[in-house]
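# A look at the structure
These are the residues of each chain, in order.
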Amino acid sequence: MKVAEAVGRALYAAGVGQVFGVVGSGNFHLTNAMVAAGSRFVAARHEGGAATMADAYARMSGTVAALSVHQGPGLTNAMTGIAEAAKSRTPLLVLAAEVTEPRSNFYVDQGALARSVGAVSARVTSAEDAVTEALDAVRRAVCERRTVLLNLPLGVQALDVPDALAGESALAVVPPERAPMEPEFADVEALARVLEKSRRPVFVAGRGARSPGARDALVALAERHGALLATSAVARGLFHGDPWSLDVSGGFASPLAAELIQEADLIVGWGCALNMWTMRHGRLIGPDTTVVQVDDDASALGAHREVHLGVTGDVELTARRALETHDANPQPQQGEQARQGHRAQQRQQSRQGFRTADIGASIAARVRWPDVPYDDTSTRERIDPRTLSIALDDILPAERVIGVDSGNFMGYPSMYLSVPDENGLCFTQAFQSIGLGLATAIGAALARPDRLPVAALGDGGAMMGAAEFDTVRRLGLPMVVVVYNDDAYGAEVHHFGPDGHPLETVEFPPTDIAAVARGYGFEAVTVRTRVDLKAVEDWLAGPRSAPLLVDAKVVADRGAWWLEEAFRGH
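All of these numbers come straight from a predicted model, not from anything done at the bench. (Residues numbered from 1 in each chain as written. Predicted model: local features only at pLDDT ≥ 70, side-chain atom pairs only at ≥ 80, totals over all residues. Heavy atoms only, no water.)

### Things to note about the overall build of the protein
- Of the regular secondary structure elements, the protein holds 24 helices and 18 strands.
- Dimensions of the protein, computed from the C-alpha atoms along their principal axes, are close to 70 × 70 × 45 Å.
- Every one of the 570 residues in the protein was classed for burial, and the buried ones make up 57%.
- When the 52 positive and 69 negative side-chain charges of the protein are each reduced to one mean point, those points stand 2 Å apart. (Helix = DSSP H or I, 4+ residues; strand = E, 2+ residues; numbered from the N terminus. Buried < 20%, exposed > 50% of the residue type's maximum accessible area, 1.4 Å probe, protein only. Lys, Arg positive; Asp, Glu negative; His and termini not counted. Charge placed at Lys NZ, Arg CZ, Asp CG, Glu CD.)

### Some remarks on empty space enclosed by the protein
- Within this structure, the stated rule accounts for one cavity of 30 Å³ or more.
- Taken together, 27 residues form the lining of the largest cavity, with Asn408, Phe409, Tyr484, Asp486 and Gly490 sitting closest to its centre.
- Taken together, the elements giving at least two residues each to the lining of the largest cavity come down to α16 (385-395), α19 (459-464) and α21 (490-496).
- Looking at the lining of the largest cavity, the element that brings in the most residues is α21, giving four residues.
- Class assignment for the residues of the lining of the largest cavity results in eleven nonpolar, nine polar and seven charged. (1 Å grid on protein atoms, 1.4 Å probe; cavity = no way out; pocket = protein on both sides within 12 Å on 5 of 7 lines; lining within 4 Å. Points joined across faces, edges and corners; volume = space filled by probe spheres on them. Nonpolar A, V, L, I, M, F, W, Y, C, P; charged D, E, K, R; others polar.)

### Quick look at the pairing of strand β12 (residues 309-312)
- Covered by surrounding structure in β12 are Leu309 and Val311 only, the residues Gly310 and Thr312 on the alternate face being uncovered.
- Examined bridge by bridge, strand β11 (residues 290-295) and β12 share four bridges and lie parallel to one another. The partner of Val294 across the bridge, within β12, is Val311. (Pairing = 2+ DSSP bridges.)

### Quick look at the side chain of Asn275
- Note on placement: Asn275 falls in the loop between β10 (266-270) and β11.
- Note on Asn275: relative accessible area 18%, which makes it buried.

### Focus on the packing of aromatic side chains
- In the structure shown here, the tally under the stated rule is 14 aromatic pairs.
- Note on Phe469 and Tyr520: the rings are 5.7 Å apart at their centroids and 65° apart in plane angle, and the pair reads as edge-to-face. In this pair, Phe469 sits in helix α20 (residues 469-475) while Tyr520 sits in the loop between α22 (513-519) and β17 (523-527), placing the two residues 51 residues apart along the sequence.
- A ring pair is formed by Tyr489 and Phe508, whose centres lie 5.2 Å apart and whose planes are at 85°; its orientation type is edge-to-face. Here Tyr489 is found in the loop between β16 (480-485) and α21, whereas its partner Phe508 is found in the loop between α21 and α22, with 19 residues between them in sequence.
- An aromatic cluster is built from Phe252, Trp369, Tyr412, Tyr416, Phe427, Trp561 and Trp562, whose rings are joined through pairwise contacts. (Phe/Tyr/Trp six-rings, centres within 6.5 Å; stacked < 30°, edge-to-face > 60°.)

### Considering the packing of helix α3 (residues 47-61) against helix α5 (residues 79-87)
- One way to put it is that α3 packs onto α5 with a least axis distance of 7 Å and a crossing angle of 25°. Regarding the angle of α3 to α5, the classification is roughly parallel. In this structure, α3 contributes Ala51, Thr52, Asp55 and Arg59 to the contact, and α5 contributes Gly81, Ile82, Glu84 and Ala85.
- Grouping the amino acids of the contact of α3 with α5 by side-chain chemistry returns three nonpolar, two polar and three charged. (Axes fitted to C-alpha atoms, helices over the stretch in contact; angles between N-to-C directions. Parallel < 35°, antiparallel > 145°, perpendicular 65-115°, else oblique. Contact = heavy atoms within 4.5 Å.)

Spelled out as structure tokens, the structure:
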């Protein structure tokens with residue numbers, strides 16, 4: 001058995017059941033070995049798309065996914081998607097063939113490429129150690145939540161695995177899940193004291209809180225202390241339906257949400273970086289606000305702003321330990337009946353905190369962006385993106401999974417389209433690259449086949465990623481692709497235009513993206529007014545035998561509300 005086959009079989013046995021990529025000569029045998037063992041392979045039309053599909057699949061499935069690429073250009077083509085995954089700490093395994101001879105035209109320092117974007121570099125070095133080294137890469141991806149590049153030199157791939165080791169490739173032990181980190185007792189006590197003192201607490205949950213268990217623990221702790229609930233963009237939907245949810249904190253926050261967060265005397269970030277996007281460059285933090293951060297990665301504490309208390313621990317465990325500390329019996333010598341009575345009394349003594357009747361009524365009426373009044377600037381030729389998004393939210397099924405590209409438009413689908421839970425929005429924006437949205441939606445759709453996949457793109461991102469329209473059609477995904485088409489790179493238009501700079505480099509002649517999509521086998525509709533969306537209703541009512549693209553000609557009279565916030569970071 002060759003190394004390529006042994007590694008492929010071992011990776012599948014270790015739980016890598018989903019692979020994306022573009023196959024060339026260097027990764028042909030490895031990829032086929034994984035497929036033969038049982039992995040599902042999805043062929044993308046470009047390695048960049050494959051990388052983002054794998055990233056999105058891993059995020060939405062909660063499993064490690066793999067990306068398989070050819071040596072040299074196969075890897076360089078995928079680097080933007082790999083950078084996004086690495087910056088987001090996605091557990092992703094990149095399988096890259098490698099040439100080691102510097103005179104080869106395929107030679108690049110692949111390890112240096114990985115490290116330059118924050119990924120981990122590893123290598124298969126011998127036939128004897130190949131399986132062990134491959135499994136170590138999987139373990140690191142899973143247990144350290146890292147994007148790991150496993151380089152597979154062509155010469156090593158072709159070696160024979162010793163007979164005594166060949167059978168081990170199919171008997172790989174599935175790597176353990178990342179063990180939840182128990183917080184220190186003293187840190188939990190300090191957190192409990194801070195919560196007790198607070199009168200206007202706000203919890204902001206991030207990527208590290210995206211689980212039902214963490215959600216339930218945070219909801220219970222928030223109820224105990226009268227805290228309002230918010231999320232970062234990547235965790236949107238975690239508190240969907242909770243009457244005390246402010247939705248997203250940061251640049252996407254509604255005016256009421258931003259106002260209430262600024263009034264907090266305590267902000268606790270739960271698995272959340274509290275970075276410039278989530279805290280609006282710190283402007284959502286009042287001058288006298290206490291800031292606490294809980295994260296199972298100690299290096300994340302205080303990385304973006306000073307915190308008064310940092311707790312290293314798993315979000316769910318830390319929240320539950322804080323609840324237990326609040327319920328703890330102050331007189332241990334009492335009997336079990338007395339202790340149970342004390343706990344029941346504590347449960348009845350949840351503090352009002354920030355949860356007043358007036359605030360509750362305001363949240364119900366004004367916290368959602370669709371409930372914020374606006375002047376509709378639609379014309380007969382172009383539709384206001386707010387009007388478009390609100391209408392689509394009403395039309396599309398509630399059970400949806402949304403992938404959003406980057407650009408001036410991105411806040412509208414991200415905030416005006418509701419999501420059922422934390423798995424309803426796949427937000428690949430850590431690298432802020434345009435062109436990842438369609439591939440994001442494909443990966444998310446494959447991870448969540450029970451939901452309608454929706455890709456929200458700008459016209460720039462749609463044209464960048466257009467090759468993957470073929471992948472959508474080929475996989476038979478019943479996807480709705482919505483293109484917010486302003487015939488420009490809108491972010492640059494609205495950032496530089498007011499100062500009188502020439503805009504010819506960022507504006508384009510009108511493009512019939514609907515016609516492009518039809519060429520790939522889509523059904524397509526051009527939308528200029530609300531009435532044109534009847535075609536979307538008809539598609540939803542039909543067999544959905546082909547994906548649908550909505551070429552929405554949106555008004556381009558102003559920048560999005562969040563754009564000014566975004567450019568403050570440049």
